[in-house]
Amino acid sequence: MRAALLARGAELQWHPPHMRARYDSWVEGLNGDWLISRQRFFGVPVPLWYPLDGDGTPDHTRPIVPEAAALPVDPRAQTPPGYAEHQRDQPYGFTGDPDVMDTWATSSLTPQIAGRWLTDPGLFAAVFPMDLRPQAHEIIRTWLFATVVRAHTGHGTLPWRHAAISGWILDPDRKKMSKSKGNAVTPVDLLDRHGADAVRYWAASGRPGTDTAFDVGQMRIGRRLATKLLNVGKFVIGLGDAPSAGAGAGAGAASAGVTEPLDRALLAELATAVEEATAAFEAFDHARALERAERFFRRFCDDYVELVKARAYGDHGGAAGRESARATLRTALDTVLRLFAPVLPFVTEEVRSWYATDSVHRAAWPSATALRARAGDADPAVLATAAEVIARVRKAKSLAQVSMRAEVATLELRGPRAALGRFALAEPDVRAAGRVGTVSARETDGELRVEVLLTAFH
């Protein structure tokens, strides 16, 4: 049995993989004296009776076992075969087992119970073995192990294909939160104060298998992220021509007119973000998927949107440039909403409802392949270079304590040919976003260097 259960542990897909060691350690140390009952008031009764001798003492060596067809049996309310109720707890009569089964005797059957094993054979055949067991690490040796035992002995299989192991929630003193310790926090007040999306953001930021500190500050970050989604959604939809909600790839017709290098660079970077978030979800690493989606979103809002805002309004670049920016903004918004939907279900549903009739949670998952097809041979570094330059412009204005709308007299760039070439592809957007007058560029060795002259006398 030990060898068979170790083989089951090797067959199971563990997330993270190192958690399998806890299972193996428990199985390797198993003994035969497992405790199967507890002295609790509530629970599934142990279905046994015991005969009493002339002194009314139970003989535990001769348990009275019910027929399998009679189960379930409560020995405290039902009589064993051959006895009458008036013989209960009387000399030469019988007594019912006073204990209930250990918790794991029933919870080990949760996949079978959820799949309606004995009442709906069609459903059970469709869902068992199940796909995933999510649980914390301290009950690998109990709940997970017991469930594996029951499926192995009763069905000859694993109960599920994957086990996603979480950690504990820790209080500010780095101690496990629990009701028994009195340091647990109920979620109702947190949901009222921060919103469900913000609380989910904090929870989803915890790495699989790793203990997570209770952190209201992280919830505030999540709330600001949700607010940012609302704001950028209003901006993009306010430009007109709603995102292509029916395009499963998040591209389709919405990005057919993407022609500008900076826009294509954004879509290329978005394709990479979709690839990495998808791979993380497929590896059951929700925290990594969230981190990758958030990193792209912040680049999208803080850099790209600010860079193309003027062109999207039609201030420069002509009709083709304007439509290229708008198409890219629409595609990126629709894709980002679907990337965030598993973690921020409410704000993403709200924003999508502004331009689509179907739920974001029924929309197709974004396709990196489709996004790359729209991006063509774009170099994502074009966006990175433009973002670096505009960041230097903002910093110069901030240090000079002038408005971000202040004019820049001259922007001087020195650096390698490749960097200057990337900048040239995005130069009109950088000049418009930074309100830059003259741009001079000179090829040199080393890293790209940027000097910002706010006035002719600066």
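What counts as what
- Residues numbered from 1 in each chain as written.
- Predicted model: local features only at pLDDT ≥ 70, side-chain atom pairs only at ≥ 80, totals over all residues.
- Heavy atoms only, no water.
- Helix = DSSP H or I, 4+ residues; strand = E, 2+ residues; numbered from the N terminus.
- Polar contact = N/O pair within 3.5 Å; in protein donor to acceptor, adjacent residues only side chain to side chain.
- Buried < 20%, exposed > 50% of the residue type's maximum accessible area, 1.4 Å probe, protein only.
- Contact = heavy atoms within 4.5 Å.
- Pairing = 2+ DSSP bridges.
- Axes fitted to C-alpha atoms, helices over the stretch in contact; angles between N-to-C directions.
- Parallel < 35°, antiparallel > 145°, perpendicular 65-115°, else oblique.
- Left-handed = near helix turned anticlockwise from the far one by under 90°.
- Nonpolar A, V, L, I, M, F, W, Y, C, P; charged D, E, K, R; others polar.
- Core = buried A, V, L, I, M, F, W, Y, C linked by side-chain atoms within 4.5 Å.
- Salt bridge = Lys/Arg side-chain N within 4 Å of Asp/Glu carboxyl O.
- Expected span 1.5 Å × (residues − 1).

*Asks:* What exactly am I supposed to notice about the side chain of Arg 338 here?
*Replies:* By the element assignment, Arg 338 lies in helix H12 (residues 318-340). One polar contact links Arg 338 to Asp 334, side chain to side chain, over a distance of 2.8 Å.

*Asks:* Even after reading the chapter, I still don't get the environment of Thr 95, so can you show me in this structure?
*Replies:* Residue placement: Thr 95 occurs in strand S4 (residues 94-96). Judged by relative accessible area, Thr 95 falls into the buried class, the value being 17%. Sequence-wise, Thr 95 and Thr 348 are 253 residues apart; in three dimensions their C-alpha atoms are separated by 61 Å. Sequence-distant contacts of Thr 95, defined by excluding residues within four places in its chain, comprise Trp 49, Tyr 50, Leu 52, Pro 58 and Asp 89. A distance of 2.7 Å separates polar atoms of two side chains, one belonging to Thr 95 and the other to Asp 89.

*Asks:* So what exactly am I meant to see when it comes to the sheet that holds strand S7 (residues 160-166) here?
*Replies:* Backbone hydrogen bonds hold the strands of a sheet together, and the pairing may be parallel or antiparallel. Within the open sheet, the three strands sit side by side as S1-S7-S6. Their pairing is parallel. Sheet topology places strand S1 (13-15) and strand S6 (130-136) at the edges, where each strand pairs with a single neighbour. Across the sheet, the mean angle from the axis of one strand to that of its neighbour is 20 degrees, orientation sign disregarded. Alignment of S6 against S7, held across six bridges, turns out to be parallel. Each residue of the ladder has a partner; that of Met 130, found in S7, is Trp 160. Each of S1, S6 and S7 is contacted by helix H6 (residues 140-155), which is oriented at about 160 degrees to S6, the strand it contacts most.

*Asks:* What's the story with the packing of helix H8 (residues 196-204) against helix H9 (residues 216-238) in this structure? I'm lost.
*Replies:* In a packed pair of helices, the relevant descriptors are the angle between the two axes and the axis-to-axis distance. The N-to-C vectors of H8 and H9 enclose an angle of 125 degrees; their axes lie 7 Å apart at closest approach. Judged by the inter-axis angle, H8 sits oblique to H9. As H8 runs across H9, the sense of the crossing is right-handed. On H9, the residues that touch Ala 198, Val 199, Tyr 201 and Trp 202 of H8 are Gln 218, Met 219, Ile 221, Gly 222, Arg 223 and Leu 225. Counted by class, the contact of H8 with H9 contains seven nonpolar, two polar and one charged residues.

*Asks:* Can you help me understand the nonpolar core in this one?
*Replies:* One recurring pattern in soluble globular proteins is that nonpolar side chains are buried together. With 73 residues, the main nonpolar core has Leu 262, Phe 297, Phe 300, Leu 329, Phe 340 and Leu 411 as its most contacted residues. In this view, Leu 329 contacts Phe 235, Val 236, Leu 239, Phe 300, Tyr 304, Val 305, Val 308 and Ala 312; residues no more than four positions away in its chain are not counted.

*Asks:* What am I meant to see in the sheet that holds strand S11 (residues 436-443) here?
*Replies:* Strand order in the open sheet formed by three strands is S11-S10-S12, with mixed pairing between adjacent strands. Edge positions in the sheet fall to S11 and strand S12 (449-453), since each of these pairs with one other strand and no more. Ignoring which end each strand starts from, the neighbouring axes of this sheet average 15 degrees apart. Bridge analysis of strand S10 (residues 408-415) against S11 gives seven bridges, and the strand direction is parallel. Residue pairing across strands places Glu 412 opposite Ser 440, the latter belonging to S11.

*Asks:* Which parts of the structure should I look at to understand the pattern of salt bridges?
*Replies:* Proximity of charged atoms lets side chains of opposite charge pair with each other. In total, this model carries 31 salt bridges according to the counting rule given. Through salt bridges with shared partners, a single network forms among Glu 276, Arg 288, Glu 291, Arg 292 and Arg 295.

*Asks:* Just checking my understanding: could you explain H9 for this structure?
*Replies:* Within an α-helix, residues lying three or four positions from one another point in the same direction, as the helix has 3.6 residues per turn. The end-to-end C-alpha separation of H9 is 33 Å, in line with the 33 Å expected for 23 residues at 1.5 Å each. Tucked into the core, H9 has its buried residues touching helix H7 (187-194), H8, helix H11 (286-312), H12 and helix H13 (345-353). At the N-terminal boundary of H9, the capping side chain belongs to Asp 215, with an oxygen 2.9 Å from the backbone nitrogen of Gly 217. Phi turns positive, to about 95 degrees, at Gly 240, one or two residues after H9.

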